[in-house]
Amino acid sequence: MDVNAAVAAAAAIAGVLTGVIAMLAFRVSEREQRRPTRTSLHTDAVLPPGVDTVLSVLRSSAVVLDENDGVVKASSAAYALGLVRGGKLAVEPMLKMARDTRRDGEIRQVELDLPRRGTGRGEALAVSARVAPLGSRLVLLLVEDLTEARRIEAVRRDFVANVSHELKTPVGALSLLSEAVMDASDDPEAVQRFAGRMQIEATRLTSLVQELIDLSRVQNDDPLEDAEPVPVGELVAEAMDRCRHQAGTKEITMAAAGAADLRVWGNRGQLAAALGNLVENAVNYSPARTRVGIAVRSVAQPGGNLIEIAVTDQGIGISDKDKERIFERFYRVDPARSRATGGTGLGLAIVKHVAASHGGEVTVWSAEGQGSTFTLRLPQAPAARGRRPSERDDSESLDAEAGQTSHPSPHSSDPSAYATLPSPEVLP
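Residues numbered from 1 in each chain as written. Predicted model: local features only at pLDDT ≥ 70, side-chain atom pairs only at ≥ 80, totals over all residues. Heavy atoms only, no water.

## Here we look at the overall build of the protein
Here is step 1: When helices and strands are counted, the protein shows 14 helices and 14 strands.
Here is step 2: Of the contacts formed within the protein by residues at least 6 apart in sequence, a portion of 64% connects residues at least 24 apart.
Here is step 3: Accessible area of the protein: about 24,300 Å², with a carbon and sulfur share of 54%. (Helix = DSSP H or I, 4+ residues; strand = E, 2+ residues; numbered from the N terminus. Contact = heavy atoms within 4.5 Å. Areas by Shrake-Rupley, 256 points an atom, 1.4 Å probe, with all protein chains shown as cover.)

Below, the structure is given as structure tokens:
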């Protein structure tokens with residue numbers, strides 16, 4: 001009996017101890033769950049209500065840091081710019097700003113040039129960083145990419161500087177020539193000579209102003225608002241008429257074919273100006289007694305047919321380093337020759353903008369001493385994708401009557417062969 005009582009007492013004491021231990025373990029566990037950990041600080045739950053939603057719609061890159069400089073929240077743009085790597089803010093100047101703001105609560109802003117990741121060309125990434133406190137423990141970093149804005153501003157400054165220089169040259173020449181005319185008022189021959197020079201400079205100034213207006217128009221206007229099917233043959237004829245006098249003076253033969261009934265969709269005035277600039281450049285940069293050819297063809301593409309208009313010359317050609325810049329405004333391959341021909345350096349820039357605004361492109365093939373081929377590619381007008389059988393028969397009969405059965409190269413050495421060429425070869 002005494003043994004059973006002892007066993008029962010021991011069991012009771014063990015049960016009490018087990019209950020006490022379980023209760024203490026429960027209290028410890030509950031206390032540990034309530035204690036903030038480093039992992040919990042990296043969840044969205046620590047952000048003030050609504051902050052996560054606001055950060056997701058900001059255009060700027062956003063990074064939220066905790067009191068240990070750990071990244072609590074970072075937008076995808078912040079990762080793309082390389083601001084956050086391995087859960088840490090990777091830009092030391094921004095990290096220092098965050099620490100200073102956490103210490104004194106002041107908002108800070110600075111512009112930085114950061115190395116661009118993955119390019120291998122040492123290009124700088126211009127950013128504007130702004131740091132502000134977010135609650136009692138967090139810091140918010142907003143970073144805006146200013147690279148494109150800086151590039152546009154640089155282009156604008158260069159454009160203004162180039163325009164000022166280009167305008168100053170003919171205006172200064174006109175001022176000097178007018179003084180020379182006044183001083184030589186008693187010398188009719190000198191007056192006539194100076195007046196001729198004044199006329200040349202006035203023409204150059206007029207051309208520059210007109211091309212500036214044309215460039216501004218093609219950059220700001222939408223050519224497809226009043227687009228229409230434009231016959232390519234009429235554009236080619238207009239471009240050749242525009243340069244016929246210069247070509248005749250230099251005894252340059254111009255030939256074109258292949259347009260037939262092809263049409264492109266766009267603004268007639270802009271397209272005529274673009275093709276006219278290509279033909280005019282070909283004539284101006286070609287030696288005397290050479291040839292300029294204009295070839296037109298339709299090329300089938302998955303998204304719709306394209307019209308290729310290739311202008312080929314036998315001029316001085318373009319070096320590889322110059323080919324990368326010839327479509328820049330005011331850039332000239334040969335400045336001395338441009339001054340002699342009255343070139344402004346805006347013609348190819350206008351061609352590039354017209355092609356882009358019409359959904360096309362312009363490319364160049366060239367070799368020094370072998371000439372150049374500029375190819376303008378534009379979407380074909382839907383109404384011109386097929387020809388009526390009667391038109392096809394008429395064109396084929398005309399070709400047969402003319403005896404045009406071969407297609408020699410535009411760089412052929414036989415001028416007579418080029419003069420009867422129906423379609424100059426389009427170089428690669």
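Here the narrative resumes, following the displayed structure.
## Description of the packing of helix α8 (residues 232-249) against helix α9 (residues 268-284)
Here is step 1: At a minimum axis separation of 8 Å, α8 and α9 run at an interaxial angle of 35°. Here α8 runs over α9; the crossing is right-handed. Each of Glu234, Leu235, Val236, Glu238, Ala239, Arg242, Cys243, Gln246 and Ala247 in α8 lies in contact with α9, whose residues at this interface are Arg268, Leu271, Ala272, Ala273, Leu275, Gly276, Asn277, Val279, Glu280, Val283 and Asn284.
Here is step 2: The class makeup of the residues in the contact of α8 with α9 is 11 nonpolar, 4 polar and 5 charged. (Axes fitted to C-alpha atoms, helices over the stretch in contact; angles between N-to-C directions. Left-handed = near helix turned anticlockwise from the far one by under 90°. Nonpolar A, V, L, I, M, F, W, Y, C, P; charged D, E, K, R; others polar.)

## So, unusual backbone geometry
Here is step 1: Unusually for a residue other than glycine, Asp69 sits at a positive phi of about 65°.
Here is step 2: Tracing the sequence through the fold places Asp69 in the loop between β1 (61-65) and β2 (71-74).
Here is step 3: Unlike most non-glycine residues, Glu251 shows phi in positive territory, near 55°.
Here is step 4: Here Glu251 shows up in the loop between α8 and β9 (253-257).

## Details of the packing of α9 against helix α12 (residues 347-357)
For any two helices packed against each other, one specifies the inter-axial angle together with the distance between the axes.
Here is step 1: As a packed pair, α9 and α12 sit with axes 9 Å apart at the nearest point and diverge in direction by 140°. Taken together, the axis directions place α9 and α12 in an arrangement best described as oblique. Of the two elements, α9 crosses α12, and the hand of that crossing is left-handed. Residues Gln270, Leu271, Ala274, Asn277, Leu278 and Asn281 of α9 pack against Gly347, Leu348, Ile350, Val351, Val354 and Ser357 of α12.
Here is step 2: Partitioning the contact of α9 with α12 into residue classes produces 7 nonpolar, 5 polar and no charged. (Parallel < 35°, antiparallel > 145°, perpendicular 65-115°, else oblique.)

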